[in-house]
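These are the residues of each chain, in order.
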Amino acid sequence: MRATRPVLSLQSALLLALALAAPALAQTAPPPGFVSLFNGKDFTGWKVPDGDNGHWKIVNGVIDYDAQSEAPGDKNLWSAAEYGDFVLRFEWRIKDTPYVNPNVPIIRVDGTHKKGADGKEIRLAVPDSDSGVYVRGSSRAGR
């Protein structure tokens, strides 16, 4: 991530598991002009919510979250620094998906929902999970 002017807060929101920067990436130096956000060892450079009680943790070199934070209010993990005019590169994986949402619409590139020949929205059953990474704000932005 290239640091320029402070205008971005990187928020990692509630999710079952979030892995930023795989262990191999965490151990290599970032390219010239870029800043590594995660060292693969601890939360240096991150703001863990007060009262979280260990639900955000580092496991085998990745950031792990069990979606059970006990912090009052905002339970998200935030980068301590702010960035602008940036390129963000991250890797993530989901360790398990306990819920399958049976009614998810197919969203087209233009934001509309895909419809079948009968004019009704096409919906699928899919695991209910995502990266949980929000750039420049929160999941509630624009709502």
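In what follows, the accompanying structure is described.

About the criteria used
- Residues numbered from 1 in each chain as written.
- Predicted model: local features only at pLDDT ≥ 70, side-chain atom pairs only at ≥ 80, totals over all residues.
- Heavy atoms only, no water.
- Salt bridge = Lys/Arg side-chain N within 4 Å of Asp/Glu carboxyl O.
- Buried < 20%, exposed > 50% of the residue type's maximum accessible area, 1.4 Å probe, protein only.
- Helix = DSSP H or I, 4+ residues; strand = E, 2+ residues; numbered from the N terminus.
- Polar contact = N/O pair within 3.5 Å; in protein donor to acceptor, adjacent residues only side chain to side chain.
- Pairing = 2+ DSSP bridges.
- Contact = heavy atoms within 4.5 Å.

## A few points about the pattern of salt bridges
- A complete count under the given rule lists one salt bridge for this structure.
- Between Glu121 and Arg123 there is a salt bridge whose closest N-O contact spans 2.5 Å.
- Take Glu121: its relative accessible area is 34%, and that puts it in the partly exposed class.

## Let's talk about unusual backbone geometry
- In this structure, Asn53 takes a positive phi of about 60 degrees despite not being glycine.
- Locating Asn53 in the fold gives a position in the loop between strand E2 (46-47) and strand E3 (56-59).
- Taking the relative accessible area as the measure of exposure, Asn53 reaches 55% and is therefore exposed.

## Here we look at the environment of Arg136
- Among the structural elements, Arg136 can be located in the segment after strand E8 (133-135).
- Its relative accessible area of 49% is what places Arg136 among the partly exposed residues.

## A word on the side chain of Ser79
- Here Ser79 shows up in strand E5 (residues 77-79).
- At 2.8 Å, the side chain of Ser79 forms a polar contact with the backbone oxygen of Ala81.

## As for the pairing of strand E4 (residues 62-65)
- Here E4 shows two buried faces, one formed by Val62 and Asp64 and the other by Ile63 and Tyr65.
- Bridging between E3 and E4 involves four bridges; their strand directions are antiparallel. Across the sheet, Val59 pairs through a bridge with Val62, a residue of E4.

## So, the side chain of Ser69
- Relative to the elements of secondary structure, Ser69 occurs in the loop between E4 and E5.
- Here the side chain of Ser69 touches Asp52 through a polar contact of 2.8 Å, side chain to side chain.
- A distance of 3.2 Å separates a polar atom in the side chain of Ser69 from the backbone nitrogen of Ala71.
- Apart from residues lying up to four places away in sequence, Ser69 is in contact with Asp52, His55 and Lys75.

Geometric values such as these leave the question of function open.
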